[in-house]
Amino acid sequence: MNRVASFIGILISGMLTTTDASAEVTAPELDLRSVGLQGGMIVSMPDAITDPDGRKATVLIPLPEKVLVLDLVKHSVRADSFRMVATGGTGRLETVRPTPVETYRGTIRNDLGSVAAISILPDGIAGRVKSGDGSEIWIEPINRRIRRARPRDHVVYESADVAPFEGRCGVPDQEGPPPLGGRPDGEARMASGAFCTAQIAIDCDFPFFQLMGEDLEFLGRRIDTVLNTMNLQYN
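All of the points below concern the structure found in this document. (Residues numbered from 1 in each chain as written. Predicted model: local features only at pLDDT ≥ 70, side-chain atom pairs only at ≥ 80, totals over all residues. Heavy atoms only, no water.)

1. Thoughts on the overall build of the protein
Link 1 in the chain: The helix and strand inventory of the protein stands at two helices and 11 strands.
Link 2 in the chain: Counted from the first residue to the last, the protein has its helices and strands arranged as β-β-β-β-β-β-β-β-β-β-β-α-α.
Link 3 in the chain: The burial tally for the protein puts 40% of its 235 residues in the buried class.
Link 4 in the chain: Pairs at least 24 apart in sequence give 57% of the contacts found in the protein among residues at least 6 apart.
Link 5 in the chain: Here the protein displays about 14,600 Å² of accessible surface, and carbon together with sulfur accounts for 51% of that area. (Helix = DSSP H or I, 4+ residues; strand = E, 2+ residues; numbered from the N terminus. Buried < 20%, exposed > 50% of the residue type's maximum accessible area, 1.4 Å probe, protein only. Contact = heavy atoms within 4.5 Å. Areas by Shrake-Rupley, 256 points an atom, 1.4 Å probe, with all protein chains shown as cover.)

2. Quick word on the packing of aromatic side chains
Link 1 in the chain: Under the definition given, this model contains one aromatic pair.
Link 2 in the chain: Ring centres of Phe206 and Phe209 lie 5.8 Å apart, and the angle between their planes is 45°; this geometry places the pair in the tilted category. With Phe206 and Phe209 both in helix 1 (residues 206-211) and three residues apart, this pair spans about one turn of that helix.
Link 3 in the chain: In this structure, Arg144 packs its charged tip against the face of Phe218, placed 3.9 Å from the ring centre. (Phe/Tyr/Trp six-rings, centres within 6.5 Å; stacked < 30°, edge-to-face > 60°. Lys NZ or Arg CZ within 6 Å of the ring centre and 35° of its normal.)

3. Section: the sheet that holds strand 2 (residues 49-50)
Link 1 in the chain: Across the sheet, nine strands lie side by side as 1-11-10-9-8-7-4-3-2; this open sheet has antiparallel pairing. Both edges of this open sheet fall to strand 1 (41-44) and strand 2, since each of them pairs with a single strand only.
Link 2 in the chain: Sheet contacts for helix 2 (residues 216-230): strand 7 (103-108), strand 8 (115-121), strand 9 (124-130) and strand 10 (136-141); angle to strand 8, the most-contacted strand, approximately 170°. (Pairing = 2+ DSSP bridges. Axes fitted to C-alpha atoms, helices over the stretch in contact; angles between N-to-C directions.)

4. A word on the nonpolar core
Link 1 in the chain: Grouped together as the largest cluster of nonpolar side chains are 20 residues, with contacts concentrated most on Val59, Ile61, Leu70, Ile118 and Val129.
Link 2 in the chain: At the level of elements, strand 1, strand 3 (56-62), strand 4 (67-74), strand 7, strand 8, strand 9 and strand 10 are the ones that each hand at least two residues to this core.
Link 3 in the chain: If sequence neighbours within four positions are ignored, Ile118 has contacts with Leu70, Leu72, Glu102, Thr103, Tyr104, Ile125, Ala126, Gly127, Arg128, Val129, Ile139 and Asn228.
Link 4 in the chain: Counting residues in each nonpolar core, the second largest holds 14 residues, with Leu37, Ile42, Ala149 and Val155 among its members. (Core = buried A, V, L, I, M, F, W, Y, C linked by side-chain atoms within 4.5 Å.)

5. Focus on the layout of surface pockets
Link 1 in the chain: Considered as a void within the structure, the largest pocket measures approximately 1,400 Å³ in volume.
Link 2 in the chain: If you trace the largest pocket, you find 42 residues lining it, with Phe82, Ile200, Ala201, Ile202 and Leu227 closest to the centre.
Link 3 in the chain: Sorting the residues of the lining of the largest pocket by element identifies strand 5 (84-87), helix 1 and helix 2 as the ones contributing at least two each.
Link 4 in the chain: Ranked by the residues each element gives to the lining of the largest pocket, the list is headed by helix 2, at nine residues.
Link 5 in the chain: Its residues assigned to classes, the lining of the largest pocket comprises 24 nonpolar, 10 polar and eight charged. (1 Å grid on protein atoms, 1.4 Å probe; cavity = no way out; pocket = protein on both sides within 12 Å on 5 of 7 lines; lining within 4 Å. Points joined across faces, edges and corners; volume = space filled by probe spheres on them. Nonpolar A, V, L, I, M, F, W, Y, C, P; charged D, E, K, R; others polar.)

6. Structural notes on the side chain of Asp123
Link 1 in the chain: Along the chain, Asp123 falls in the loop between strand 8 and strand 9.
Link 2 in the chain: Despite its burial, Asp123 remains without a salt bridge, the nearest opposite charge being carried by Arg144 at 4.8 Å.
Link 3 in the chain: Residues in contact with Asp123, not counting those within four places in the same chain, are Pro141, Asn143, Arg144, Pro151, His154 and Phe218. (Lys, Arg positive; Asp, Glu negative; His and termini not counted. Salt bridge = Lys/Arg side-chain N within 4 Å of Asp/Glu carboxyl O.)

Okay, structure coming up:
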């Protein structure tokens, strides 16, 4: 994956286990470069089917001939102490009311060993789907980010479809690797099979705020989606 902030890919027919239901697939001439992609498939996504309490959901991803069915359960990536703050008009940090938890985990129906990390958002479905054979795709709504995209339009893509991107960190790296576990020799020791949890603080700069349309809710949802999809490699 070349860039975490922008999800990617082309869907290969038959790559993932699917159901035989039919679905409309659209292919308008849209410029995917504005979302950092050099390839991808445009699909028209149906709304997610959620339980009344929102704890479970079913998402259908339409392919040219079939529909990928995801069975999902709500999964929060937020710590108990989670809070969202932003710099207000006074220049001081102010607490912002976050959006509800909209992240889910699950599997592809009838695909043993598959896993999915999905966000069900007001403007569509975003996330990462990995099949039991190890192949994976990404999906995200594009109606807010690409001109002439229709309300249900999404892009489905693979990591190889991410356009080259020369990102850089806003702060300098320290010389050499950081010590692990506070040990000066950098040697970490851990009980076999131990499961560790890291609490993460994310600092978004003003250019990223502008990229998110200067919309704090949209920005917060994007961060939740990135954390949910990236955490798959640690679960």
